[in-house]
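Topology and contacts: notes
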Amino acid sequence: SLESEDLANIQRRKSKKGNSKGGEEVSGVQSEVAVEAEDELLHEYQKQMVQEEEMATVKKTVHKKSTTDKTNAAAQEVVALNNEGAKKKKKLRSSLDPERETRCLHEPGRNDTEIVETPRRPVFDDNLVLGVYIHRTDRLKTDLLVSHPMVKIHIIDEMTGQYVKKEDSHRPVSSFYEQESVEHILPIITQPFDFKKNKSTVPEWDEQIIFNERFGYFLQDNHEGPRVMLFFEVLDFMTMEEARANVDVDRHERGFRKIAWAFLKLVGTNGVLNIDSKLRLQLFCPPPRGKRQENIIEVVDWWRRYPRSRYTSTLYITVKGLKLPDHVDPSIRSMMALQQERGSTSFSELQSEITRKTITQPLGNKPELRWSRMPGQVCRIPNKPMLSFRGGQMGCFTIRFSHDGRRLAAACADRDAFPIIVYEIPSGKVLAAFNGHLSIVYDLCWSRDDRSLLSSSSDGTVRVWNVQRLQAIAQKVLPHPSFVYCAQYHPTAQGMVVTAGYDCLVRVWRVNVKDVNGLLLQEFEGHKSFINALCFDSEGNRMFSADNVGFIIVWRTSVDDSLHQRPCRHWKIEKEIGESDLNGLPINTLEVHPNGRRLLIHAKDSVVRVMDLRVLAVKKYTGATNYRERIHSTFTPCGSFIFSGSEDGMAYVWNAETGDQVAVYSELCYPTALRGVAFHPHENMVAFCAFGQSQPVHVYLYDRRVAQLEVESLKGHSRSGSADTKMFRNTSDPVTFQDTSGAAMDCFARAARLSMKMQRVKDKLDSVLVSTNLVVSLYDYSATRSDELTVQRGDVIHVLYKDNDNWWFGRLANGQQGYFPATYVELSQALKAQSALSEQTDLSVPPFERTDQSDERLTPTKVRRLGSVSAIVV
């Protein structure tokens with residue numbers, strides 16, 4: 001416009017006049033005309049500005065236009081500086097003019113005051129929340145006690161010195177589980193940076209911390225909103241001894257060692273916003289710990305009261321507004337207030353999130369694993385520890401491999417829950433933990449396609465779990481009136497389940513129905529005691545059931561597909577097996593041999609039996625101990641070996657064809673009975689479990705190199721076996737973890753047979769030894785349980801082990817074994833019995849010498865002789 005052009009011309013004239021010192025003089029007439037024109041223009045401009053001020057409706061500080069274009073342009077150039085690009089300008093201008101927000105500019109030669117407007121603060125979207133990104137620090141001071149530092153972030157109101165109050169108390173800001181009673185913003189700690197794991201002593205967290213609070217709420221610069229400061233503490237864990245010493249420290253701070261601290265004002269004193277760029281903060285040393293004051297945040301107290309001693313390192317952070325996603329999936333660790341933390345009931349449930357995506361893939365898309373054992377190949381005895389899983393707090397009751405061998409299910413027990421944990425094989429990762437049972441889970445069974453898992457429990461239910469989708473809630477819950485001890489899927493009809501238990505009935509269910517309780521198809525009677533075991537043959541044509549009194553029933557169980565409503569209508573008893581040796585004995589396990597012609601029977605008499613189903617001939621396998629607990633045994637997939645648990649905490653292996661005991665897993669060292677044994681369907685792998693305080697699940701794998709070393713060691717023993725003493729020592733126990741195929745098979749079998757022969761020699765030698773292992777019954781005792789001995793007065797009992805001070809476990813001369821009361825026997829009378837027995841033996845042990853015919857005591861000479869024989873045997 002004309003006025004602006006005139007003002008610009010006047011300004012140029014005045015600037016030339018002011019800058020030229022001692023220049024040429026302007027003529028008087030021209031000067032007068034210029035001054036008059038300038039005064040007229042200024043008078044008109046001032047009048048116009050007064051009118052504009054009167055018409056303004058909002059009271060605010062305005063910027064009066066200068067009389068020249070130069071001052072007008074200078075006012076427009078006043079803007080806020082950012083942290084990175086204008087640090088030097090910021091320092092220069094603040095040093096020249098500390099009152100930049102409301103500064104006065106005086107033009108030379110005039111008294112007009114110019115008020116510069118404070119730069120307008122940007123407006124932030126209400127959908128943005130506060131995000132603090134912790135990058136790293138420089139190298140920290142060398143300290144052996146600092147090994148995994150972390151950063152704790154506090155959001156403080158500078159005016160009050162307390163945590164900033166939430167804009168909405170119902171809104172979780174720091175944690176998903178914040179209660180409504182929490183009205184302030186809680187601090188958040190990053191994950192520890194482990195020096196050893198990351199192989200670096202320069203902490204690099206690179207972690208985004210999110211506070212779910214409106215970003216603009218933290219950047220207000222008025223009296224109503226908080227004046228926000230961020231405080232950063234570099235911490236590390238301290239030892240338990242240090243934590244106990246710091247009893248006067250607040251319980252939330254007690255377990256941390258303070259390394260350094262830093263602070264940041266989001267809105268600087270000059271109005272600059274310290275956001276949207278990477279900042280480097282100076283770290284300070286924590287002052288000596290003084291007496292703690294109540295309701296005072298320690299790091300704020302350091303900032304206010306103590307002199308700041310610089311720490312030789314800095315912290316790199318970035319503060320910015322973040323837009324949250326519309327949906328946040330649950331995770332193992334909740335990383336923000338909107339992210340739910342799944343599986344808080346158990347650690348196993350947390351781990352299921354890691355592999356959820358891989359498990360939910362279709363089975364056809366899974367990468368095919370190559371197992372070392374080919375189909376039809378003879379199994380080898382696993383000889384090398386591979387994995388060890390932590391089961392429940394009270395151990396594990398039973399375990400089962402899936403048919404594809406990719407998973408291992410374990411029925412565990414905690415103090416207040418009985419979860420079923422599914423592990424991935426061979427990685428050992430926890431895939432899922434199914435919670436729902438209220439008591440011990442006795443049996444597990446995988447469906448043929450491995451998509452479902454069946455579990456039977458003493459809480460009176462059988463539950464069907466969806467393993468493919470890892471659903472935490474059971475798909476089906478089949479109710480029963482009493483304890484359920486066993487449950488099996490029908491091999492060919494996948495929707496059909498057979499259960500049995502305490503009420504002596506066999507029930508058939510259909511589970512592929514909409515009803516959550518399934519459909520009960522039929523109940524079958526036949527047993528007169530509670531049923532402990534069920535099993536099918538591979539075709540599903542026959543089913544075997546066994547009860548607590550040694551009675552076995554063979555059922556015809558072919559499924560008629562034409563009968564949709566009752567496919568088990570034609571099921572019936574085909575045969576009843578009443579083996580005399582099993583009469584009155586509880587049967588723990590039944591399993592059909594892979595060829596379908598033999599049946600494995602594990603009873604509570606320390607004898608594992610294999611029955612030929614064609615002629616009902618029985619072959620016995622001894623060595624394992626089982627009188628009280630529910631112990632499991634199994635065939636290997638090739639049918640060549642039998643694996644069994646034992647009450648002594650060890651696992652025993654027999655050759656199914658010869659009956660020789662070929663291996664003992666003595667290094668398992670379970671303090672309680674080894675209950676569960678499962679052999680992998682496609683790999684030379686076996687898993688063991690025990691029920692007891694924190695007992696793990698052990699998995700062993702066959703290693704050819706270990707087997708070769710054992711064969712070489714066995715050959716070395718055979719070459720050096722000329723000495724009788726060495727022979728007795730090396731053959732008193734069966735060989736462990738031998739290679740059972742190829743050239744080593746014959747050597748292995750010979751060694752096993754030799755071991756059994758030497759065991760019988762050792763038993764003969766033990767029978768003539770005078771020790772506290774032989775006792776004589778002083779009174780008659782009638783057994784009240786199936787695992788007890790009935791003894792008559794004068795019976796000689798060989799004590800195998802002492803269960804406690806009141807009950808011992810022993811063997812009579814006729815071979816019967818069981819428990820008997822320790823108070824019914826006398827140790828000193830055993831010497832007389834042994835003296836009579838030793839005179840009848842043909843071994844080269846001198847007869848007992850007596851000092852007197854009426855004196856039954858041994859002389860010291862005879863004790864030494866017997867001791868020397870005992871040393872040879874042991």
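In this text the structure is predicted, and so the values were computed from the model without any measurement.

1. What to know about the overall build of the protein chain
Check the secondary structure of the protein chain and you find 14 helices and 43 strands. Burial analysis of the protein chain (874 residues in total) assigns 48% to the buried set. The long-range fraction of contacts in the protein chain, counting pairs at least 24 apart against all pairs at least 6 apart in sequence, stands at 58%.

2. A few points about the nonpolar core
Membership of the largest hydrophobic core comes to 42 residues, with the highest contact counts inside it found for I134, I155, F211, F232, I317 and V319. Of all the secondary-structure elements, those providing two or more residues to this core are strand 3 (128-137), strand 4 (150-157), strand 6 (204-214), strand 7 (228-237), strand 8 (256-265), strand 9 (278-284) and strand 10 (310-323). Here I317 is in contact with Y133, I134, H135, F232, L264, S277, K278, L279 and L281, once residues within four sequence places are set aside. In terms of nonpolar packing, the next biggest core, distinct from the first, is built from 19 residues, F389, F401, A687 and C689 among them.

3. With respect to the packing of aromatic side chains
Given two aromatic rings, one states the distance between the centres and the angle between the planes to describe the pair. Tallied over the entire structure, the rule returns 35 aromatic pairs. Measuring from centroid to centroid gives 5.5 Å for F397 and F691, while their planes differ by 75°, and the two rings are edge-to-face. With F397 in strand 12 (residues 396-401) and F691 in the loop between strand 37 (685-690) and strand 38 (697-701), this residue pair connects regions lying 294 residues apart in the sequence. A relative accessible area of 23% places F691 in the partly exposed class. Ring centres of Y781 and W807 lie 6.2 Å apart, and the angle between their planes is 70°; this geometry places the pair in the edge-to-face category. With Y781 in the loop between strand 39 (774-777) and strand 40 (796-802) and W807 in strand 41 (residues 807-811), this pair connects stretches of sequence that are 26 residues apart. With a relative accessible area of 13%, Y781 lands in the buried category.

4. What about the side chain of R407?
For R407, the position within the fold is in strand 13 (residues 407-412). No salt bridge is formed by the buried R407. Its closest oppositely charged neighbour is D404, at 4.5 Å. From its side chain, R407 meets the backbone oxygen of D450 in a polar contact 3.4 Å long.

5. Looking at the sheet that holds strand 20 (residues 484-489)
Neighbouring strands of a sheet are bound in pairs by backbone hydrogen bonds; such pairs are parallel or else antiparallel. Spatially, four strands are ordered 20-21-22-23 in an open sheet, and the strand pairing comes out antiparallel. Each of the sheet's edge strands pairs with one partner strand only, and the pair in question is strand 20 and strand 23 (519-524). When strand polarity is set aside, the average angle formed by the axes of neighbouring strands in this sheet is 25°. Both strand 20 and strand 21 (residues 496-501) contribute to a ladder of five bridges, which runs antiparallel.

6. Concerning the environment of S402
Following the sequence through the fold, S402 ends up in the loop between strand 12 and strand 13. Sequence-wise, S402 and C445 are 43 residues apart; in three dimensions their C-alpha atoms are separated by 8.5 Å. If we ignore the near neighbours within four places in the chain, the residues touching S402 are R407, W446, D450 and P681. Within the structure, S402 has its side chain in polar contact with the side chain of D404 (distance 2.6 Å).

7. Concerning the pattern of salt bridges
For the structure on display, the rule yields 24 salt bridges. Across the pair E158 and K265 runs a salt bridge whose closest N-O atoms are separated by 3.4 Å. You can see E158 sitting in the loop between strand 4 and strand 5 (188-189) and its partner K265 sitting in strand 8, a full 107 residues away along the chain. Since its relative accessible area comes to 18%, E158 is described here as buried. Judged by relative accessible area, K265 falls into the partly exposed class, the value being 23%. Across the pair E213 and R171 runs a salt bridge, and its minimum N-O distance is 3.4 Å. Separated by 42 residues along the polypeptide, E213 in strand 6 and R171 in the loop between strand 4 and strand 5 bring together distant segments of the chain.

8. Here's the deal with the sheet that holds strand 13
The four strands lie next to each other as 12-13-14-15, forming an open sheet whose pairing is antiparallel. Two strands bound the open sheet, and with one partner strand each, they are strand 12 and strand 15 (430-434). Geometrically, the sheet is characterised by an average inter-axis angle of 20° between neighbouring strands, direction not taken into account. Note: strand 13 against strand 14 (residues 420-424), five bridges, orientation antiparallel. Considered in strand 14, the bridge of L408 is made with Y423.

9. Topic: the UniProt feature "repeat: WD" (unreviewed entry) in the protein chain
UniProt records the feature "repeat: WD" (unreviewed entry) for residues 434-475, 477-512, 524-565 and 635-664 in the present numbering. A helix fraction of 0% and a strand fraction of 56% characterise residues 477-512, whose end C-alpha atoms lie 12 Å from each other. Secondary structure content for residues 635-664 is 0% helix and 47% strand, while the C-alpha to C-alpha distance between its ends is 16 Å.

10. Side note on the environment of G815
Within the element layout of this structure, G815 appears in the loop between strand 41 and strand 42 (817-821). Put simply, G815 and H798 are 17 residues apart on the chain and 9.9 Å apart in space, counted from C-alpha to C-alpha.

11. Considerations on the pairing of strand 26 (residues 552-556)
When you tally the buried positions in strand 26, you get four out of five residues, the bulk of the element. Here five bridges tie strand 25 (residues 542-547) to strand 26, and the two strands are oriented antiparallel to one another. Bridging from a neighbouring strand, S545 pairs with I553 of strand 26. Counted between consecutive antiparallel strands, the loop separating strand 25 from strand 26 contains four residues, among which G550 sits at a positive phi close to 85°. With five bridges joining them, strand 26 and strand 27 (residues 572-577) adopt antiparallel strand pairing.

12. Side note on the state of the cysteines
Throughout the structure, instances matching the rule amount to zero disulfides. The thiol of C412 is not disulfide-bonded; the next cysteine sulfur, from C396, is found 4.3 Å away.

13. Here we look at the pairing of strand 8
Here is the key point about a regular strand: its side chains alternate between the two faces of the sheet. Most of strand 8 is tucked away, with eight of its 10 residues classed as buried. In this sheet, strand 8 lies alongside strand 7 in antiparallel orientation, the contact comprising nine bridges. Looking at strand 8, one finds that F237 is bridged to F256.

14. Considering the environment of P288
With respect to the helices and strands, P288 occurs in the loop between strand 9 and helix 7 (298-305). Exposure remark for P288: the relative accessible area of 70% places this residue in the exposed category.

15. Description of unusual backbone geometry
The step from I425 to P426 runs through a cis peptide bond, and the omega angle for that step is 10°. Position of P426 among the secondary structure elements: in the loop between strand 14 and strand 15. In the Ramachandran plot, D206 falls in the positive-phi region, its phi being about 50° despite a non-glycine side chain. For D206, the position within the fold is in strand 6. Since its relative accessible area comes to 44%, D206 is described here as partly exposed.

16. Things to note about helix 7
Counting buried positions over the eight residues of helix 7 gives six, a clear majority of the element. Residues of helix 7 that are buried include every one of E298, V299, V300, D301, W302 and W303, and no others.

17. Remarks on the side chain of S529
By secondary structure assignment, the location of S529 is in the loop between strand 23 and strand 24 (531-536). Excluding its chain neighbours within four sequence positions, the residues that come into contact with S529 are C504, D547, N548 and V549.

18. Some words on the confidence of the model for the protein chain
Confidence in the prediction for the protein chain averages 76 pLDDT; 68% of positions are at 70 or higher. Confidence drops under a pLDDT of 50 for residues 16-31, and excluding neighbours within four residues, the segment shows one contact in the predicted structure.

Rules and cut-offs
- Sequence order as written defines the numbering, with residues in each chain counted from 1.
- Given that the model is predicted, a residue must reach a pLDDT of at least 70 before its local features are reported, and side-chain atom pairs must reach 80 or more before they are shown or counted; all residues, however, enter totals for whole chains, interfaces and linings.
- Side-chain metrics in this entry use all non-hydrogen atoms of the structure; hydrogen atoms and water are not considered.
- Strands are runs of DSSP state E lasting at least two residues, helices are runs of H or I lasting at least four, and both sets are numbered from the N terminus onward.
- Working definition: with a 1.4 Å probe on protein chains only, accessible area under 20% of the residue-type maximum means buried, over 50% means exposed, and in between means partly exposed.
- In this analysis, two residues are considered to be in contact whenever any of their non-hydrogen atoms come within 4.5 Å of each other.
- Remark: nonpolar core denotes a set of buried residues (Ala, Val, Leu, Ile, Met, Phe, Trp, Tyr, Cys) joined through side-chain atoms within 4.5 Å.
- Ring pairs are drawn from Phe, Tyr and Trp, using the six-membered ring of Trp, whenever the two centres fall within 6.5 Å, and their geometry is named by plane angle: stacked under 30 degrees, edge-to-face over 60, tilted for the rest.
- His is not counted, nor are the chain ends, whereas Lys and Arg count as positive and Asp and Glu as negative.
- Put simply, a salt bridge is a Lys or Arg side-chain nitrogen that is within 4 Å of an Asp or Glu carboxyl oxygen.
- Throughout this description, a polar contact denotes any pair of N or O atoms lying within 3.5 Å of each other; where both atoms belong to protein, one of them has to be capable of donating a hydrogen while the other can accept it, and for residues adjacent in sequence the pair is counted only when both atoms sit in side chains.
- By definition, two strands form a pair when at least two bridges between them are found by DSSP.
- Note on definitions: angles span 0 to 180 degrees between N-to-C directions of axes, and those axes are lines fitted to C-alpha atoms, for helices only across the stretch in contact.
- UniProt positions are given in the numbering used here, feature names are shortened, and annotations may be inferred rather than shown by experiment.
- Cysteine sulfur atoms that come within 2.5 Å of each other are treated as a disulfide pair.
- For every residue, the pLDDT score states the predictor's confidence, bounded by 0 at the bottom and 100 at the top.

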